[in-house]
Amino acid sequence: MSNKQMNSKGSFLSRKQFELLIVCITMGFIIGYSYNQAKDNRNAGSIDSELFEQEDSYREELITQQERNKVLAEEANSLQEKIRKYEKSFVADEKANKKLVEEAEDLRLLLGDLSAEGKGIRITLQDGDYDPKSANPNDYIVHESHVFKLLNELKISGAQAIAINGQRVLANSYIRCNGPVITIDGKQHPAPFIIEAVGDSQTLVSSLNLNGGVVDQLLNDNIVVSLEENQKLSMPKVKVEI
């Protein structure tokens with residue numbers, strides 16, 4: 001009797017323990033599942049937060065670009081309006097602008113920035129024949145003063161480009177006499193001195209041949225002067241040495 005009771009009690013305890021074990025396993029499974037679910041939710045929340053921040057950054061960048069495009073569009077409209085005003089002004093002042101363009105071209109020619117081609121005149125200056133009666137040999141030699149007189153008259157008369165012995169004479173050129181040669185911007189040239197000028201031949205010749213003008217003054221200084229007009233001249237632009 002006592003053995004049956006003991007077996008029955010032992011069996012009851014085993015079932016109870018088994019049921020408790022099942023409950024514990026189930027609870028463990030539920031707790032583990034809940035934990036994993038919460039972890040997944042946290043990870044999903046973190047990813048959503050990153051995506052939200054990235055989307056917000058893109059949205060702000062898009063707004064910035066839209067504002068920038070708006071500013072650029074306003075600048076473009078303003079520039080187009082200025083261009084239209086300039087165009088209207090150019091049409092209204094076509095003659096004045098044409099004159100300014102021509103003056104700019106003349107200045108570029110005088111500065112040697114452009115090659116010069118066209119009709120003009122060629123003047124040759126040579127030392128005079130030696131006169132034994134003259135004690136001073138400088139009395140019949142071409143000096144820089146003679147060249148200066150000629151160059152100034154040519155410029156005043158509208159010469160577009162000038163060259164001496166093939167070398168372009170610029171607005172800031174310096175000319176110095178050194179005995180029988182003259183130095184132009186550091187380069188020496190012996191006599192005879194061939195001075196070429198591109199421009200209206202008739203105007204240039206008339207200005208040089210005025211009574212008491214440059215040619216008469218040169219002749220009075222015993223300089224041999226020869227003048228050729230309507231010559232087709234070509235002068236290269238000045239090369240800038242680096």
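Residues numbered from 1 in each chain as written. Predicted model: local features only at pLDDT ≥ 70, side-chain atom pairs only at ≥ 80, totals over all residues. Heavy atoms only, no water.

Some thoughts on the overall build of the protein chain
- Within the protein chain, the regular secondary structure consists of 5 helices and 8 strands.
- The secondary structure elements of the protein chain, listed N-terminal to C-terminal, are α-α-β-α-β-β-β-β-β-β-α-α-β.
- Across the 242 residues that make up the protein chain, the buried fraction comes to 24%.
- Across the protein chain, contacts joining residues at least 24 apart in sequence account for 73% of those joining residues at least 6 apart.
- For the protein chain, the accessible area works out to roughly 17,700 Å², and carbon and sulfur atoms hold 55% of it. (Helix = DSSP H or I, 4+ residues; strand = E, 2+ residues; numbered from the N terminus. Buried < 20%, exposed > 50% of the residue type's maximum accessible area, 1.4 Å probe, protein only. Contact = heavy atoms within 4.5 Å. Areas by Shrake-Rupley, 256 points an atom, 1.4 Å probe, with all protein chains shown as cover.)

Focus: the sheet that holds strand 7 (residues 193–198)
- Strands sit in the order 3-2-7-1-8 across an open sheet of 5 strands; the sheet is antiparallel. Of all strands in the sheet, those with a lone pairing partner are strand 3 (167–168) and strand 8 (224–235), marking the two edges.
- Where strand 1 (residues 116–126) and strand 7 come together, 6 bridges link them in antiparallel fashion. Considered in strand 7, the bridge of Gly120 is made with Val198. (Pairing = 2+ DSSP bridges.)

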